[in-house]
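Below, each chain spelled out in residue letters.
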Amino acid sequence: MKANIDQRSYLILKSIVENYPSITGKEIEEQYKLSRKQLSYSMTIINNYLNVKGLEEIKRKNTGKFIVEESVINDFKKNNHDQKESYVYSEKERIYLTILILLCNEGELSVYDFTSMLQVARTTFLSDLKKVKLKLKLFNISLQFDRKSGYKLIASEFSKREVMINAIEKILCMDNGREILKIMFKIDTQVLVNIINSFESVEDELQIELTGKRIAELSYIFYFSLVRINLGYVLDTLPKVFFNVIGTSEYTAIMKLCKEYNIDNKNERVFFTTQLQVASKVYYLNNETEIYSKEIKRIAIEIIENFQTLSGISFAEYEELSKALIQHCIPAFYRIKYNYHIENSIVDMVLAKYGNLHKIVGRCVYPFEELVGKSISDDELVYLTLLFGAYLNREGK
């Protein structure tokens, strides 16, 4: 029987052996953010692993410390317990790693390549492959195989980026996920550190605060996107809604970042800008468009009705105004919802000319604020004021 151990349990075993006899169960729980039940489960896996190797189990003292036989310590040191050799990927890890392998390799990929990289039997890989195909189907991607070119993903580059993001985020949420990616894909640490520093500079420039988790997600997404770009795969199309970020401060900041890495493709810049604030939600954006567009059309009419009631003015070009309002509100909705900021504020210029009109418009837009779940800033609101002002001037009112 082969001795197998999952990654978390391996790391716990490593910590116990290397810090024996001083380390306690409580310290292990804190180090790996585990509950007592989770640690107990991992200890069962560790002891099963040791039993298969013919070694004594690790026992617990009432003080919380461990009892580790010398034979276990010697075996660990003797074999050096290289993680890649002793660690067996879980099924979930294998599924997402398989997806990333398919995305990050240019040459042909055979069954042997996957079984070698993932260290599994052929039957195990073929079983995993069925689940991989189901996962890919959710992103409108098919997996094809022929003996000449091996396994290939068939889909748009955008769909491939969607599933790439999903796989990266899932792996990063796993125990020691960063180490998994580093080992499997031989990540250039210095390049990754530079990307992290670049995103921290963007954070400073925009005066926003991203969590460490979000910075990590963005950095790995950017890193693996660079892999795709360097393989010659760039985004040729994007959903229309993504282009709403153009003209924002975030887009300008990302343009600078892309320039550092010689990325001059507009679609790539737009894609990375959507990542900045949306990150894990990016692949839901396109699905939201149809739902919210219908709501925005209804709300645009409500805003005009509110304005006519408050001002006592009726618009002769009501239909034209509603179309113009809808056209403006759809991109504004995404800017506000995902915290993008309009560059080069025109608030002072508009208020100097339309101060009273601006107050009336501000009282009319509450249906839009309810939909987006946030108040509309003056930087956004002045564009609606200009729109109403333009139609009032056209009608001589």
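Note that the structure is a prediction, hence the values are computed from the model and not measured.

### Points about the overall build of the protein chain
Thought 1: Counting its regular elements, the protein chain contains 19 helices and four strands.
Thought 2: Taken over C-alpha atoms, the radius of gyration comes to 28 Å for the protein chain, far larger than the 21 Å a tight globule of 397 residues would show.
Thought 3: For the protein chain, the C-alpha atoms occupy an extent of roughly 95 × 60 × 35 Å along the three principal directions.
Thought 4: In the protein chain, which comprises 397 residues, the proportion classed as buried is 50%.
Thought 5: Taking as baseline every contact in the protein chain between residues at least 6 positions apart, the subset at least 24 positions apart corresponds to 72%.
Thought 6: In the structure as shown, the protein chain presents an accessible area of about 20500 Å², 48% of it carried by carbon and sulfur atoms.

### Points about the pattern of salt bridges
Thought 1: Summed over the entire model, instances satisfying the criterion amount to 14 salt bridges.
Thought 2: Close ionic contact of Glu217 with Arg214 constitutes a salt bridge, the shortest N to O distance being 3.7 Å. Placement of both Glu217 and Arg214 in helix 12 (residues 212-230) is noted, with a separation of three residues, approximately one turn of the helix. Taken individually, Glu217 and Arg214 each receive the classification buried, so the pair is uniform in this respect.
Thought 3: In this structure, Arg298 and Glu295 form a salt bridge, with 2.7 Å as the shortest nitrogen-oxygen distance. Within this pair, Arg298 and its partner Glu295 are both found in helix 15 (residues 285-311), separated by three residues, close to a single helical turn.
Thought 4: A single salt-bridge network, built from bridges that share partners, covers Glu157, Arg161, Arg228 and Glu268.

### Some remarks on the pairing of strand 3 (residues 142-146)
Thought 1: Pairing geometry for strand 3 and strand 4 (residues 150-154), over five bridges, is antiparallel. For Gln144, the partnering residue across the bridge sits in strand 4 and is Lys152.

### Focus on the state of the cysteines
Thought 1: Counting across every chain of the model gives zero disulfides.
Thought 2: This cysteine, Cys104, is not joined by any disulfide, and Cys173 carries the nearest cysteine sulfur, 18 Å off.
Thought 3: Judged by relative accessible area, Cys104 falls into the buried class, the value being 14%.
Thought 4: Unpaired in terms of disulfides, Cys329 finds its nearest cysteine sulfur in Cys364, a separation of 12 Å.

### Here's the deal with unusual backbone geometry
Thought 1: Omega for the bond connecting Tyr20 with Pro21 falls within 30 degrees of zero, at 10°, which places this linkage in the cis form.
Thought 2: Along the chain, Pro21 turns up in the loop between helix 1 (7-18) and helix 2 (25-32).
Thought 3: Its identity as a non-glycine residue notwithstanding, Gln119 has a phi of 55°, on the positive side.
Thought 4: Along the chain, Gln119 turns up in the loop between helix 7 (111-118) and helix 8 (122-137).

### Considering the packing of helix 10 (residues 177-185) against helix 12
Thought 1: Contact pair helix 10 / helix 12: the axes reach a minimum separation of 13 Å and the direction vectors enclose 15°. Regarding the angle of helix 10 to helix 12, the classification is roughly parallel. Crossing hand, helix 10 versus helix 12: left-handed. For the pair helix 10 and helix 12, the contacting residues are Arg178, Leu181 and Phe185 in the first and Gly212, Ala216, Tyr220 and Phe224 in the second.

### Looking at the packing of aromatic side chains
Thought 1: One pass over the full model with this rule turns up 15 aromatic pairs.
Thought 2: With a centroid separation of 4.8 Å and an interplanar angle of 15°, the aromatic rings of Phe114 and Phe125 are classed as stacked. Of the two residues, Phe114 sits in helix 7 while Phe125 sits in helix 8, which places them eleven residues apart along the sequence. Comparing Phe114 with Phe125 shows no difference in burial state: the two are buried.
Thought 3: Residues Phe307 and Phe388 carry aromatic rings whose centres are separated by 4.6 Å and whose planes lie at 25° to one another, so their mutual orientation is stacked. Of this pair, Phe307 sits in helix 15 while Phe388 is found in helix 19 (residues 378-394), placing the two residues 81 residues apart along the sequence.
Thought 4: Grouped by ring-pair contacts, the aromatic residues Phe199, Phe222, Tyr261, Phe271 and Phe272 constitute a single cluster.
Thought 5: Over the ring of Phe271 we find Arg161; its NZ or CZ atom is 5.5 Å from the centre of that ring.

### Here we look at the environment of Ile346
Thought 1: Along the polypeptide, Ile346 turns up in the loop between helix 16 (318-337) and helix 17 (347-364).
Thought 2: In this view, Ile346 contacts Val382, Tyr383 and Leu386; residues no more than four positions away in its chain are not counted.

### As for the nonpolar core
Across soluble globular proteins, nonpolar side chains have a tendency to be buried as a group.
Thought 1: Core analysis: the largest hydrophobic core is formed by 107 residues, its most contacted members being Phe185, Phe224 and Phe368.
Thought 2: Beyond its immediate stretch of four places on either side in the chain, Phe368 contacts Ile296, Ile299, Ile303, Cys329, Ala332, Phe333, Ile336 and Ile376.
Thought 3: Judged by nonpolar contacts, the second largest core, of 23 residues, contains Leu11, Met43, Leu50 and Phe76.

### Here's the deal with a negative patch on the surface
Thought 1: A cluster of acidic side chains, namely Glu56, Glu57, Glu69 and Glu70, defines a negative patch on the protein surface.
Thought 2: Look at Glu69 and you get partly exposed, because its relative accessible area is 36%.

So, how was this worked out
Residues numbered from 1 in each chain as written. Predicted model: local features only at pLDDT ≥ 70, side-chain atom pairs only at ≥ 80, totals over all residues. Heavy atoms only, no water. Helix = DSSP H or I, 4+ residues; strand = E, 2+ residues; numbered from the N terminus. Rg over C-alpha atoms; globule rule 2.2 N^0.38 Å. Buried < 20%, exposed > 50% of the residue type's maximum accessible area, 1.4 Å probe, protein only. Contact = heavy atoms within 4.5 Å. Areas by Shrake-Rupley, 256 points an atom, 1.4 Å probe, with all protein chains shown as cover. Salt bridge = Lys/Arg side-chain N within 4 Å of Asp/Glu carboxyl O. Pairing = 2+ DSSP bridges. Disulfide = S-S within 2.5 Å. Axes fitted to C-alpha atoms, helices over the stretch in contact; angles between N-to-C directions. Parallel < 35°, antiparallel > 145°, perpendicular 65-115°, else oblique. Left-handed = near helix turned anticlockwise from the far one by under 90°. Phe/Tyr/Trp six-rings, centres within 6.5 Å; stacked < 30°, edge-to-face > 60°. Lys NZ or Arg CZ within 6 Å of the ring centre and 35° of its normal. Core = buried A, V, L, I, M, F, W, Y, C linked by side-chain atoms within 4.5 Å. Patch = residues over 30% accessible without salt bridge, like charges linked within 9 Å, V, L, I, M, F, W, Y side chains within 5 Å. Lys, Arg positive; Asp, Glu negative; His and termini not counted. Charge placed at Lys NZ, Arg CZ, Asp CG, Glu CD.

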